[in-house]
Amino acid sequence: MKKITILFSLKITALTALIMMAVACTSSDTSLKDAFSDHFLIGTAINGPQVHGVDPEARPFIIRHFNSITAENAMKWEKIHPDPDRFHFALADSIVDFGLQNDMFIVGHCLLWHSQTPDWVFQDSLGNPLTRDALLERMRDHILTVAGHYKGKVKGWDVVNEAVDEDGSLRKSKWLEIIGEDYIQKAFEFAYEADPDAELYYNDYNNELPQKQAGVVALVKDLQQKGVKIDGVGIQGHWHLDSPDLKVLDESISAYAALGMKVMITEMEVNVLPTPPEVYGADISQQAQYLETLNPYKGGLPDSVQKQLTRRYADLFGVLLKHRDAVTRVTFWGIHDGYSWKNNWPIYGRTNYPLLFDRGYQPKPAYFELIREAKK
Ligand code: XIL
């Protein structure tokens, strides 16, 4: 009897060990991009020092987990075209070369935006506001030069970023003020002229929310009616533990897909820190004051919040997987928690935990949960 019991418990122990090994293999041996390869591309935002090996762990890590990259800042107007007669391609080139060497889908971010665009763009040499024609000419030169430089290499462009306001109307930017409503159409036409084979996207935050979504739907329809090429809508996905509502996200993807748009989540992360009430989106010009109470997890993320984060990622991906026919890419805004802009926006100097990997490149419980979701 005793012998049988010992044999039995040995078997159980061996079985448990086998199961644990299997779990360990499927989870940590599976990369993010491989787990989702039947569903959509998995991207990340990267920067120059990562590609240049300043952080030696970054390159192999990016290659292992991601099959798409977006330059977090290097292609924005202020970086790539800092002065009227000077384009600075070196940094973005190294990011693009890295992507090409590793067979990645390279996203260009972004051709036209109201932020990270120097003031001179809207002024003549005396500092006076440009005329509509002069600004259109400057816009055309910028788009043709930048998108032309990466022709055939950058496969999809965020042509216009954040042009719609929370209420669905067009944002009162300098582009709108000086050129008028057709500036968006013109930007898409110039991008098409620069590289007819690149996919062209409209990208925004909060455009899953009903009012802004209605504005973006109207914008896409208008472009389509005018015969302008637009291939997709990017939902940035700067999300929180408790918002947006899953149903709202679900409906917005359906609404964009119904227009024939590819849908992508272009800048995903899930903020776990308290959000000041005056900050409602991801407008980078908003800044709030630092308070200790708004930085509660300096010493580490409590288990209870880690669990919430895991659940939230699983729920959000549940919706994205449901729409796998329309969703072509999910890009995370940063490779691990330490690199996230959410440590410094909208409040400088906090410790946030919004991504799937921790500051030591270790996968978090949310990562393992998503690998499981992908295989369902
Ligand atoms: C952010 C970058 O992550 C930061 O490094 C930079 O200081 C500000 O911009 N919406 C966008 C992104 O489209 O380009 C922004 O990226 C985040 C909000």
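Structure shown above.
S.K.: So what's going on with the overall build of the protein chain? Residues and values would help.
M.R.: Counting its secondary structure elements, the protein chain contains 13 helices and 9 strands. In summary, the protein chain has a C-alpha radius of gyration of 23 Å against a globular reference of 21 Å for 376 residues, a match within 12%. Its C-alpha atoms put the protein chain at 95 × 45 × 45 Å along the principal axes. When contacts within the protein chain are restricted to residue pairs at least 6 apart in sequence, those whose partners lie at least 24 apart make up 79%. Of the roughly 16600 Å² of accessible surface on the protein chain, a fraction of 55% belongs to carbon and sulfur atoms.

S.K.: Account for the pattern of salt bridges, naming residues and giving values.
M.R.: Counted by the stated rule, this structure contains 17 salt bridges. The closest approach of N and O atoms between Lys 229 and Asp 231, which form a salt bridge, is 3.0 Å. Under the relative-accessibility criterion, Asp 231 is labelled buried at 19%. The salt bridge involving Asp 337 is made with Lys 364; its shortest N-O contact spans 2.7 Å. In this pair, Asp 337 sits in the loop between β9 (327-332) and α13 (365-375) while Lys 364 sits in the loop between β9 and α13, placing the two residues 27 residues apart along the sequence.

S.K.: Lay out unusual backbone geometry with the relevant residues and their values.
M.R.: Along the chain, His 109 connects to Cys 110 via a cis peptide bond; the corresponding omega equals -10 degrees. A cis geometry characterises the amide bond from Trp 345 onward to Pro 346, with omega recorded as 0 degrees. For Gln 116, which is not glycine, the phi dihedral falls at a positive 50 degrees. Structurally, Gln 116 is set in the loop between β3 (105-112) and α7 (132-149). Backbone geometry places Glu 162, a non-glycine residue, at a positive phi of 55 degrees. By the secondary structure assignment, Glu 162 is in the loop between β4 (156-161) and α8 (174-179). A residue is classified by how much of its surface remains accessible, and Glu 162, at 2% relative accessible area, is buried.

S.K.: Which residues make up the site of the ligand, and what values do they have?
M.R.: Lining the immediate surroundings of the ligand are 15 residues, of which Glu 72, Lys 76, His 109, Glu 267 and Trp 333 lie closest. Glu 72 is positioned such that a nitrogen or oxygen atom in its side chain is 2.4 Å from an oxygen atom of the ligand. The fraction of the free accessible surface of the ligand (410 Å²) that becomes covered by protein chains is 84%. Across the shell around the ligand, the residue classes tally to 5 nonpolar, 6 polar and 4 charged.

Conventions adopted
- Residues numbered from 1 in each chain as written.
- Predicted model: local features only at pLDDT ≥ 70, side-chain atom pairs only at ≥ 80, totals over all residues.
- Heavy atoms only, no water.
- Helix = DSSP H or I, 4+ residues; strand = E, 2+ residues; numbered from the N terminus.
- Rg over C-alpha atoms; globule rule 2.2 N^0.38 Å.
- Contact = heavy atoms within 4.5 Å.
- Areas by Shrake-Rupley, 256 points an atom, 1.4 Å probe, with all protein chains shown as cover.
- Salt bridge = Lys/Arg side-chain N within 4 Å of Asp/Glu carboxyl O.
- Buried < 20%, exposed > 50% of the residue type's maximum accessible area, 1.4 Å probe, protein only.
- Near = heavy atom within 4 Å.
- Polar contact = N/O pair within 3.5 Å; in protein donor to acceptor, adjacent residues only side chain to side chain.
- Nonpolar A, V, L, I, M, F, W, Y, C, P; charged D, E, K, R; others polar.

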